[in-house]
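# Reading the structure
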Amino acid sequence: MQSKDKKSLFEQLRASLIMLAFGLATLAFLVAIDRPEWFELRPVSGTAAAMSNAGTLPAAEQS
């Protein structure tokens, strides 16, 4: 009988942890989709930023 009670308690604990993990994952997803700036690709170094800017024309030359 004691083994059965332990198994039941373990299953309840496991179910609670799974529900907690699902809730935290859902919360993280909802927070992340509200902040699109987190997903922008930005240059890591100054050299990469300079190379990225070198490929674009200044606003005065585009017209």
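Residues numbered from 1 in each chain as written. Predicted model: local features only at pLDDT ≥ 70, side-chain atom pairs only at ≥ 80, totals over all residues. Heavy atoms only, no water.

### Topic: the overall build of the chain
The secondary structure content of the chain amounts to three helices and zero strands. For the chain, the succession of helices and strands along the chain, N to C, is α-α-α. Every one of the 63 residues in the chain was classed for burial, and the buried ones make up 2%. In the structure as shown, the chain presents an accessible area of about 6,200 Å², 66% of it carried by carbon and sulfur atoms. (Helix = DSSP H or I, 4+ residues; strand = E, 2+ residues; numbered from the N terminus. Buried < 20%, exposed > 50% of the residue type's maximum accessible area, 1.4 Å probe, protein only. Areas by Shrake-Rupley, 256 points an atom, 1.4 Å probe, with all protein chains shown as cover.)

### Some thoughts on the confidence of the model for the chain
With 86% of its residues at a pLDDT of 70 or more, the chain has an overall mean of 83. Mean pLDDT values for the elements of the chain range from 61 in helix α3 (residues 59-62) up to 91 in helix α1 (residues 2-33). (pLDDT = per-residue confidence, 0-100.)

### Describing the pattern of salt bridges
Applying the stated rule across the entire model yields one salt bridge. In this structure, Asp34 and Arg35 form a salt bridge, with 3.6 Å as the shortest nitrogen-oxygen distance. Owing to a relative accessible area of 56%, Asp34 belongs among the exposed residues under this scheme. (Salt bridge = Lys/Arg side-chain N within 4 Å of Asp/Glu carboxyl O.)

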